[in-house]
Amino acid sequence: NNCIERPQGYNVSFHYNSKVEQHHFGKTHPMKPWRLQLTKQLVLGYGLEYAMDMYQTRPATKQEIAIFHDRGYLDFLELVTPNNVDEYRDEQNKYNFGIEFYDCPVFDGMWDYISLYSGATMDAARKVCSGQSNIAINWSGGLHHAKKSSASGFCYVNDIVLAIQYMMQYYSRILYIDIDVHHGDGVEQAFHSTNRVMTLSYHKYAPNEFFPGTGGLDETGPKDTYNEGAHHSLNVPLKDGIDDHEYKELFKVVTGHVIEAYKPQAIVIQCGADSLGGDRLGRFNLNITAHGYCVEFVKATHLPLLIIGGGGYTPRNVARTWTHETALCVGAQLHDDLPWHIPYRRAFSGERNGDGKLYPDLSTVSLKQNQNTAEELHTIVKNVHWEMRYVHS
Ligand code: V1P
Ligand code: CA
Ligand code: ZN
């Protein structure tokens, strides 16, 4: 039996609409919305729904999405289909779209998908702001590359920006943390010129080699020191193969410094699971518990917390990680043996798929050498510390 503590007056909420998992980007596309079904099955299999407020969310309206995105871009997103896409040749180029084998394909039900994940993130944000939830979770969101008027890297609408913009009505300083293996460029760009949002992304960094190529250590906001956004973008650029110990230490020290200096009133964390070992697109060697450490760390600040998903391309491990992190939020410890009665148990069974365990060893499956030197990691810590001299709460 799981031991679930549910202290009075401490609420965790789970925001989801299962229609989102029915969508397909295309046969060969790595982004697989059905990983959300796998996640939900595990969460229910462990009985975590009894420890949270479960909300079935409504799709976001075009009006709501237009608080950040360009109207013309949204008209295109709403109207384009695989059947009429030829009529939108100019728009396709303008908005960074394609049909097959593209990062951002036009697929059937695309607008439905977009409004569902955005609606769930906004619902979660509203519950945090109203104080009804201390922690609100939406694993279907976290699409951090989308720009005001273009799609990028599997992301069409930036639900994170929408949520943070809503939260800015309630909090004067918000810290955004991004542990997806990719740079959170869309969120960084949207809040480039404000000191009311601090963005902090941890990612693999290799310009011209690894997507999206931005997020170097010197990318800290506008260089014009009179611009309020100066020093309010932070990046932790990493190389292949970082391990649990180094990542946890780095996360603790860097995030700790930032929270101490900036004193945010709320935190939003994007938990892209492509930073795990063995991810189809990722390059790190992290285990589920090291990824989860980041959630534990921000939870321990006791600040209002919005948790969203993101990337993650080995579906069974995405589901494991987000289930573990849901459990951390409610204070439950989960048994390493997966529950027997879950549908899709086969996805988690057999030696290749983690042997029916919740915490298989992922640190060795990718065979990536750790290319990060102690010196480089030290330079990152020193730089962030240095930047914090300019930051006041
Ligand atoms: O590398 C690229 C672009 C496409 N080339 C012209 C350069 N794209 C990446 C996009 C990764 C997006 C990650 C999204 C997220 O941060 C948030 C949800 O996780 C890419 C890759 C890759 N290996 O990096 N696209 C694809 N693979 C791809 C493969 C098959 C079909 C379609 C896209
Ligand atoms: Ca990141
Ligand atoms: Zn990613």
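The model shown is predicted, which means the values in this text are computed figures rather than measured ones.

Caption draft 1: Spatial organisation of the site of ligand 1. Ligand 1 sits among 17 residues. The nearest are D103, H144, H145, D274 and Y313. Residue H144 places a side-chain N or O atom 2.7 Å away from an oxygen atom belonging to ligand 1. Between ligand 1 and D274, the relevant distance is 3.0 Å, taken from an oxygen atom to a side-chain nitrogen or oxygen of the residue. Burial of ligand 1 by the protein chains amounts to 67% of its free accessible area of 740 Å². A class-by-class count of the residues in the shell around ligand 1 yields 7 nonpolar, 7 polar and 3 charged.

Caption draft 2: Quick peek at the sheet that holds strand β4 (residues 135-138). In space, the 8 strands of this open sheet follow the order β3-β2-β4-β9-β8-β5-β6-β7, with parallel pairing throughout. Both outer strands of the open sheet, β3 (53-56) and β7 (233-238), are each paired with one neighbouring strand and no more. Each adjacent strand pair in this sheet contributes to an overall mean axis angle of 15 degrees, direction not counted. Alignment of β4 against strand β9 (residues 305-308), held across 4 bridges, turns out to be parallel. Opposite I135, over in β9, you have L305 as the bridge partner.

Caption draft 3: Looking closely at the side chain of T323. One can find T323 in helix α10 (residues 315-330). The class for T323 is buried, based on a relative accessible area of 0%. Beyond its immediate sequence surroundings of up to four residues, T323 is in contact with T39, L42, V43, Y46, L48 and L334.

Caption draft 4: Expanded view of the coordination of the calcium ion (ligand 2). Looking at the metal site, the calcium ion (ligand 2) is ligated by D178 (O), D178 (OD), D180 (O), H182 (O), S201 (OG) and Y202 (O), spaced 2.4 to 2.9 Å from it. Coordination at the calcium ion (ligand 2) is irregular: its 6 donor atoms span angles of 70 to 167 degrees at the metal. Site description for the calcium ion (ligand 2): donor spacing in sequence, D-x1-D-x1-H-x18-S-Y.

Caption draft 5: Examining unusual backbone geometry more closely. In this structure, the amide linkage connecting F211 to the following residue, P212, adopts the cis form with an omega of -10 degrees. Positionally, P212 belongs in the loop between β6 (197-204) and β7. Phi is positive for H302, close to 60 degrees, though the residue is something other than glycine. Along the chain, the position of H302 falls in the loop between α9 (288-299) and β9.

Caption draft 6: Focus on the coordination of the zinc ion (ligand 3). For the zinc ion (ligand 3), the protein coordination sphere consists of D180 (OD), H182 (ND1) and D274 (OD), at 1.9 to 2.0 Å. Sequence spacing of the donor residues for the zinc ion (ligand 3), all on one chain, is D-x1-H-x91-D. Here D274 lies in the loop between β8 (266-270) and α9 and H182 lies in the loop between β5 (174-178) and α7 (185-190), a separation of 92 residues in the sequence. When sorted by exposure, H182 lands in the same class as D274, which is buried.

Conventions and cut-offs
- Residues numbered from 1 in each chain as written.
- Chains lettered and ligands numbered in written order.
- Predicted model: local features only at pLDDT ≥ 70, side-chain atom pairs only at ≥ 80, totals over all residues.
- Heavy atoms only, no water.
- Near = heavy atom within 4 Å.
- Polar contact = N/O pair within 3.5 Å; in protein donor to acceptor, adjacent residues only side chain to side chain.
- Areas by Shrake-Rupley, 256 points an atom, 1.4 Å probe, with all protein chains shown as cover.
- Nonpolar A, V, L, I, M, F, W, Y, C, P; charged D, E, K, R; others polar.
- Pairing = 2+ DSSP bridges.
- Helix = DSSP H or I, 4+ residues; strand = E, 2+ residues; numbered from the N terminus.
- Axes fitted to C-alpha atoms, helices over the stretch in contact; angles between N-to-C directions.
- Buried < 20%, exposed > 50% of the residue type's maximum accessible area, 1.4 Å probe, protein only.
- Contact = heavy atoms within 4.5 Å.
- Donors = N, O, S within 2.8 Å, 3.2 Å for Na, K, Ca; no water.
- Tetrahedral: all angles 85-135°; square planar, octahedral: opposite > 155°, others 65-115°.

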